Each structure stands twice: as C-alpha cells, then as structure tokens.
Amino acid sequence: MGTIKARPFDFALDPAATALIVIDMQRDFVEPGGFGETLGNDVTRLQAIIPATAALIDGFRKAGLTIVHTRECHQPDLSDCPPAKRDRGNPSLRIGDPGPMGRILISGETGADIVPELYPIEGEIVLDKPGKGAFYATPLGDMLKERGIRQLVFAGVTTEVCVQTTMREANDRGYECILAEDATESYFPEFKKAAIDMMTAQGAIVGWVAPVSAIVEALHD
Ligand code: TIU
C-alpha cells in the first residue's frame, strides 16, 4: 500500500488493484482541425498536459500496472451515434463529416486516434466508446473485474465532460477514483476547477485529486 497526498484527504493506494484510465487524448480533441475545434474551442490549452500525462503513463508502465486508453468515436455508418448527439448545437463540422484529419470522431480515422506522444504500447487496453462515460456501451466494467481492479487513477480530457462522467460512473460502481490534476484539462479553466471542487467536496463524494508526481511516487512505495 502507498499513500498519496491527495485532496480532500490522503488516498490509500493498493497498486496491485489499480488501473490507469487515460480518457480521450485524441487528436480530435487536442489538435487543430478536430472535433474540439469544430465546437468552437481553443485546443491549445489541452496540449499543455501532454508531458505530465506521459509521465503518469510512464510510471504505470514501469510499475507493470493496467493502462486503459479510451477514445470517443463512432462507427463509420454512425449506427452508434444518436442523432441527438450528431445534431447538437451549431458546430462547423458534425461527427462523421470529412475534416483535415479524416472524418470527425470516426473509428479508424487519424483524428480519432491517440496523440503520438501518448500512443499506447502492446499490452495496453484501447477502448472505443460512443458516449462521454467510458462504462456506457463498452466492456470496461468486465475488463476491470477480470483483473481485480478496485481503484482507478484518471487522466485526460476534458475534465468536466468525459473525465467527470466516467469518474461518476466508476464511483457508482464501487471504484475508488483519483484524478491526476495536472494530467487533465478543460477548454474552460473555470470548469476544470469547478469539476474538481464538486468531485472532491463532501468528503470525496466522487473522488480524490492529486498531482502526477504524488501518484507516481506512491506506485513505487
Ligand atoms: N467537448 C468536450 O469538452 N468534450 C467532449 O466532447 N468529449 C470529451 O470530453 N472527451
């Protein structure tokens, strides 16, 4: 057991029962020309977390622990994309439309893949998900159960959308969840802060938060 100096209080880490979930570090969210930008967002903020996220992944690789990379994307025929999602708002391009990195948020296209700096290696799980939460319509729950995982470390984008949704899904399923605060980001800094404040309030009602350095240190305790 290692102790992570976390908020709102220390997190008792059991590395043998821990997995890292890296949420949606895809070119479509992080690089110009992708889904994030079509929604009207400045994507540069998200690029800043790549080094800290790489350090977190490296720590898990060195400790030989389970790493899951998720990708929010849809089948080429859009059969898993509800019209209510595709039609939402007034984006410059919609899910499935051709963009500079291929069809927006479609499985197998360049834009839907993980950024090169954080690319999964052999043995890591890559999980495509049609929703914001990684448990919805995916085998994630069964995969974690098979491996005896009880604690989840979270990183990725965006803090208040796919990361928060997945942490809430995991919390309801009985996992202890901790978010790496310098390995997650939002297009809106105030939303990142609010999401972290909400999740850690009321005695870690959804989960804990700590810097990458504190998490990696505890992996090797
Ligand atoms: N738009 C936004 O903030 N996020 C998403 O659409 N997906 C994820 O957070 N991955």
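Since we're looking at a predicted model, the values are computed, not measured.

> Report on helix α8 (residues 189-204), specifying residues and quantitative values.
Taking 1.5 Å of rise per residue, the 16 residues of α8 would be expected to cover 22 Å, and the 21 Å separating its terminal C-alpha atoms lies within 8% of that figure. By the largest-angle criterion, D197 marks the main kink of α8, which is about 25 degrees.

> Got a sec to walk through the pairing of strand β3 (residues 18-23)? Specific residues and values, please.
β3 sits mainly inside the fold: six of its six residues count as buried. Residues T18, L20 and V22 point to one face of β3 and A19, I21 and I23 to the other, with burial holding for every one of them. Bridge count between β3 and strand β8 (residues 151-157): six bridges; the pairing is parallel. Bridge pairing in β8 places V22 opposite A155. Of the pairings in the sheet, the one linking β3 to strand β4 (residues 66-72) comprises five bridges and is parallel in character. Each bridged residue has a counterpart across the sheet, and for L20 the counterpart in β4 is I67.

> Can you explain the site of the ligand? Please cite residues and give values.
Lining the immediate environment of the ligand, one finds D24, F29, F35, L39, E72, K132, V157, T158, V161, C162 and Y187. Here a nitrogen atom of the ligand and a side-chain polar atom of E72 are 2.9 Å apart. Within the contact set of the ligand, an oxygen atom lies 2.8 Å away from a side-chain nitrogen or oxygen of T158. Classifying every residue of the shell around the ligand by side-chain character gives seven nonpolar, one polar and three charged.

Reading guide: rules and limits
Residues numbered from 1 in each chain as written. Predicted model: local features only at pLDDT ≥ 70, side-chain atom pairs only at ≥ 80, totals over all residues. Heavy atoms only, no water. Helix = DSSP H or I, 4+ residues; strand = E, 2+ residues; numbered from the N terminus. Expected span 1.5 Å × (residues − 1). Bend = angle between axes of the 7 residues up to and from the residue. Buried < 20%, exposed > 50% of the residue type's maximum accessible area, 1.4 Å probe, protein only. Pairing = 2+ DSSP bridges. Near = heavy atom within 4 Å. Polar contact = N/O pair within 3.5 Å; in protein donor to acceptor, adjacent residues only side chain to side chain. Nonpolar A, V, L, I, M, F, W, Y, C, P; charged D, E, K, R; others polar.

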